[in-house]
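# Chain and residue survey
What follows is the residue order along each chain.
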Amino acid sequence: MILAGNWKMHKTISEAKKFVSLLLNELHDVKEFETVVCPPFTALSEVGEILSGRNIKLGAQNVFYEDQGAFTGEVSPVMLKEIGVEYVIVGHSERRRIFKEDDELINRKIRAVLEKGMTPIFCVGETLEEREKGLTFCVVEKQVREGLYGLSREEAQKVVIAYEPVWAIGTGKVATPQQAQEVHAFIRRLLSEMYDDETAETIRILYGGSIKPDNFLGLIVQKDIDGGLVGGASLKESFVELARIMKGVIS
Ligand SMILES: O=C[C@H](O)COP(=O)(O)O
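Residues numbered from 1 in each chain as written. Predicted model: local features only at pLDDT ≥ 70, side-chain atom pairs only at ≥ 80, totals over all residues. Heavy atoms only, no water.

### Quick notes on the site of the ligand
Quick reminder of the rule: Proximity criterion: a residue is near a molecule or strand once any of its heavy atoms comes within 4 Å of it. In the analysis that follows, any N or O atom pair within 3.5 Å is treated as a polar contact, provided that within protein one partner can donate a hydrogen and the other can accept it, and provided that, for residues neighboring in sequence, both atoms belong to side chains. Every accessible area reported is derived by Shrake-Rupley at a probe size of 1.4 Å, with residue values counting cover from the shown protein chains alone. Each residue gets one label: Ala, Val, Leu, Ile, Met, Phe, Trp, Tyr, Cys and Pro are nonpolar, Asp, Glu, Lys and Arg are charged, and the others, such as Gly, are polar.
In the neighbourhood of the ligand, the contacting residues comprise Asn6, Lys8, His92, Glu164, Ala168, Ile169, Gly170, Gly209, Ser210, Leu229, Gly231 and Gly232. Contact distances for the ligand include 2.8 Å between an oxygen atom and a side-chain N or O atom of Lys8. Contacts to the ligand include His92, whose side-chain N or O atom sits 2.7 Å from an oxygen atom. Burial of the ligand by the protein chains amounts to 96% of its free accessible area of 310 Å². Residue composition of the shell around the ligand, grouped by class: three nonpolar, seven polar and two charged.

### Here's the deal with the UniProt feature "active site" (unreviewed entry) in the chain
The line we're drawing: UniProt positions are given in the numbering used here, feature names are shortened, and annotations may be inferred rather than shown by experiment. Points on a 1 Å grid over protein atoms alone make up a cavity when a 1.4 Å probe fits among them but cannot get out, and a pocket when they form an open set with protein on both sides within 12 Å along at least five of seven lines; lining residues each have an atom within 4 Å of a point. Helix and strand assignments come from DSSP, with helices taken as H or I runs of at least 4 residues and strands as E runs of at least 2, each series counted from the N terminus. Buried, partly exposed and exposed residues are distinguished by accessible area as a fraction of the type maximum, computed with a 1.4 Å probe on protein chains only: under 20%, between the cut-offs, and over 50%, respectively. It only takes one pair of heavy atoms within 4.5 Å for two residues to be counted as in contact.
Taking the numbering used here, the UniProt-annotated feature "active site" (unreviewed entry) corresponds to His92 and Glu164. A compact arrangement is adopted by the annotated residues: their sequence extent is 73 residues, whereas the largest C-alpha distance between any two is 8.4 Å. Narrowing the list just given to those that line the largest pocket leaves His92. Within the secondary structure layout, His92 lies in the loop between strand S4 (87-90) and helix H4 (93-98). For His92, a relative accessible area of 4% corresponds to the buried category. Those residues within four positions of His92 in sequence are excluded, and the remaining contacts are Asn6, Lys8, Cys123, Glu164 and Ile169. Within polar-contact distance, the side chain of His92 engages the backbone nitrogen of Glu94 at 2.9 Å. Looking at where Glu164 falls in the secondary structure, it is placed in the loop between strand S6 (160-163) and helix H9 (177-194).

### Overview of the side chain of Ser234
Mapped onto the fold, Ser234 is located in the loop between strand S8 (227-230) and helix H12 (238-250). Residue classification places Ser234 among the buried residues on the basis of a relative accessible area of 0%. Engagement of the side chain of Ser234 in a polar contact is seen with the backbone oxygen of Val230, the distance being 3.3 Å. A polar atom in the side chain of Ser234 sits 2.7 Å from the backbone oxygen of Gly231. In this view, Ser234 contacts Gly5, Asn6, Trp7, Phe19 and Phe239; residues no more than four positions away in its chain are not counted.

### Topic: the sheet that holds S8
Stated precisely, the cut-off is as follows: Strands are labelled as partners when DSSP assigns at least two bridges between them. Axes here mean lines fitted to C-alpha atoms, for a helix over just the part in contact, with angles spanning 0 to 180 degrees between N-to-C directions.
Spatial strand order, S1-S2-S3-S4-S5-S6-S7-S8: eight strands in a closed barrel with parallel pairing. Mean inter-strand twist for the sheet, computed between neighbouring axes without regard to direction, equals 25 degrees. Two strands pair when backbone bridges link them, and strand S1 (residues 2-6) and strand S2 (residues 34-38) are joined in this way by five bridges, in the parallel orientation. Residue pairing in the sheet places Leu3 in a bridge with Thr35 of S2.

### Concerning the packing of aromatic side chains
Threshold: Two aromatic rings, drawn from Phe, Tyr or Trp (for Trp, its six-membered ring), form a pair once their centres lie within 6.5 Å of each other, and the interplanar angle then sorts them: stacked below 30 degrees, edge-to-face above 60, tilted otherwise. In this scheme, Lys NZ or Arg CZ marks a charge over a ring once it lies within 6 Å of the ring centre and within 35 degrees of the ring normal.
Enumeration according to the criterion identifies five aromatic pairs in this entry. Members of the aromatic cluster, connected to one another through ring pairs, are Phe64, Tyr65 and Phe71. Positioned above the aromatic ring of Trp7, the side-chain terminus of Lys11 is 5.8 Å from the ring centre. In this arrangement the basic side chain of Lys11 is found over the ring face of Phe19, its NZ or CZ atom lying 4.3 Å from the centre.

Shown next, in the form of structure tokens:
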């Protein structure tokens, strides 16, 4: 199980350092699952130093696929690896929508992250319009197939998938546990078809979208939900509450 916090474009370096110290203090006893925080790029290195050797892992929110070169404004997998990044969010719906990232680009990023021995948190999910047109499975299938295109079963097993219905992100409109479980089970079946049952069982599938302490339990007890990718509620002490809820479910 994984509990990952995506801080998005929040927290200055000093705010990030202060908050991560609080998290380490509150969550020093959490060993049953992986806890990850993904600060903005400016704070990554300093937060990484504080987390070094501790039980909270460092994640980045984005990456480019080349190691170096004339790519103004981009950050490479080598640069992330050097500062201790272990997880990289790839294909978040905000990047797909605002920065026009497509499935092919996302696939290249996933490969680059794996090549450097880091774990991609690969996001998929449908918009409200697509859900209302009955296209959820079709959209998610395309994203999964194209995102994982060309990956061997061994590589695919290292990927973490995050199902984030776009209509639930930052809206306060969480998917019901049944809605989320239905799509997670669909992804699991798809992975089994693309690879095999063992690979489908090994790949962890997180839910993301308006997770809060009062709706988290119902989601993570679902058979195919292996944790959460949390936005807003990861910026404050509610992240500690989410970790406690997850600990309670596992132990
Ligand atoms: O990456 C996190 C997701 O976009 C969820 O964000 P949220 O928890 O603020 O809805």
